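Architecture and fold: a report
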Amino acid sequence: MLRKIVKIDPDKCDGCGLCVPSCAEGAITIINGKAVLAADNLCDGLGACLGECPKDAISIEERDTEAFDEAAVVQHLTKAGKAAPAQHGHGQAAHAHGGGCPGSRMQSFGKPETAAAPATATGSARANRQSRLTQWPVQMQLVSPTAPYFQGADLLLTADCVPVAYAGYHEDFLDGKAVIMGCPKLDDNQFFMNKLIEILKSSDIRSVTVLKMEVPCCGGIAWAAKEAIKHCGKIIPYAEVTIGIQGNLKR
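Given the structure is predicted, the values throughout are model-derived calculations rather than measurements.

Let's talk about the nonpolar core
Considering soluble globular proteins, one finds that nonpolar side chains tend to be buried as a cluster. Among the nonpolar cores identified, the biggest contains 64 residues, and F150, L155, L157, Y169, I180, L196 and V208 are the most heavily contacted of them. The leading source of residues in this core is helix α5 (residues 189–202), at seven residues. Contacts of I180, omitting those with residues within four sequence positions, involve V138, Q139, M140, V143, F150, L155, L156, L157, T158, L196 and I199.

Spelled out as structure tokens, the structure:
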């Protein structure tokens, strides 16, 4: 049928992933570092993802393709472990947030004014401990290469198991740094590398620290970081720290 549908320009797309959570139907995915439609019948053509693209790579076109299929959307989201969006009377899925998912919108916070309480604190003292996070989002798939919090920052690349394993993550490593998280086993390390190159080229990154687990598959995040530094055209100090699976510091 002839209908409106999302069009993604691969030449403009930098794979930042900001469009992915803004699509309530899960129609957009990242493949080989580029945003693509997972299937035409998953896209309702409403364009909630348009405002989330910092590169203006997404537009709406009218072309001959298969019809939007609500049943396929429900099946697709169920398979991915996500809740299906609510429906409205015109047979198309209603987006809960007209401008995209608020959970992926770029935010910068100031440094916490209150010092963190000791790790042994209990009760109200523990409740008053301050996070050292100063930005949002943190996942590699979602951060924008041109985010202002990368400018002049010390960058901490964290394998996403590390904060669970290492008790002092905020105080010992995150404090004062911009952070990107990802899983070198489950994520595409080639995409990780290409995204990092864009970040390093776009921002005045002062240093890069990789924080990874001791398991062999975690080496991918270090590879991506070193390759990105090699190809970004800049000389950037690099450090690497390894955490044991029982939370001990391996260095």
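Back to the write-up after that little detour.
Comments concerning the side chain of D14
Inspection of the secondary structure assignment puts D14 in the loop between β1 (2–8) and β2 (28–31). K55 provides the closest opposite charge to the buried, salt-bridge-free D14, at an N-O distance of 4.3 Å. Engagement of the side chain of D14 in a polar contact is seen with the backbone nitrogen of C16, the distance being 3.0 Å. For D14, the residues in contact, after removing those within four places along its chain, are G33, K55, P145 and K195.

Brief notes about the sheet that holds strand β9 (residues 207–213)
What the four strands build is an open sheet, ordered β8-β7-β9-β10; its pairing is parallel. The outermost strands of the open sheet, each flanked by one partner alone, are β8 (178–182) and β10 (238–243). For this sheet the average axis-to-axis angle between neighbouring strands, irrespective of direction, equals 20 degrees. In this structure, strand β7 (residues 154–159) lies alongside β8, joined through five bridges in parallel fashion. Bridging across to β8, A159 finds its partner in G182. The sheet contacts of α5 involve β7, β8 and β9, and relative to β8 the element is tilted by about 165 degrees. With respect to the sheet, helix α6 (residues 219–231) is in contact with β7, β9 and β10, its orientation differing from that of β9 by roughly 165 degrees.

Looking at the packing of aromatic side chains
Across all of its chains, the model carries two aromatic pairs by this definition. Note on Y149 and F150: the rings are 4.9 Å apart at their centroids and 70 degrees apart in plane angle, and the pair reads as edge-to-face. Under the relative-accessibility criterion, Y149 is labelled buried at 10%.

Rules and cut-offs
- Residues numbered from 1 in each chain as written.
- Predicted model: local features only at pLDDT ≥ 70, side-chain atom pairs only at ≥ 80, totals over all residues.
- Heavy atoms only, no water.
- Core = buried A, V, L, I, M, F, W, Y, C linked by side-chain atoms within 4.5 Å.
- Buried < 20%, exposed > 50% of the residue type's maximum accessible area, 1.4 Å probe, protein only.
- Helix = DSSP H or I, 4+ residues; strand = E, 2+ residues; numbered from the N terminus.
- Contact = heavy atoms within 4.5 Å.
- Lys, Arg positive; Asp, Glu negative; His and termini not counted.
- Salt bridge = Lys/Arg side-chain N within 4 Å of Asp/Glu carboxyl O.
- Polar contact = N/O pair within 3.5 Å; in protein donor to acceptor, adjacent residues only side chain to side chain.
- Pairing = 2+ DSSP bridges.
- Axes fitted to C-alpha atoms, helices over the stretch in contact; angles between N-to-C directions.
- Phe/Tyr/Trp six-rings, centres within 6.5 Å; stacked < 30°, edge-to-face > 60°.

Nothing here speaks to function; it is geometry throughout.
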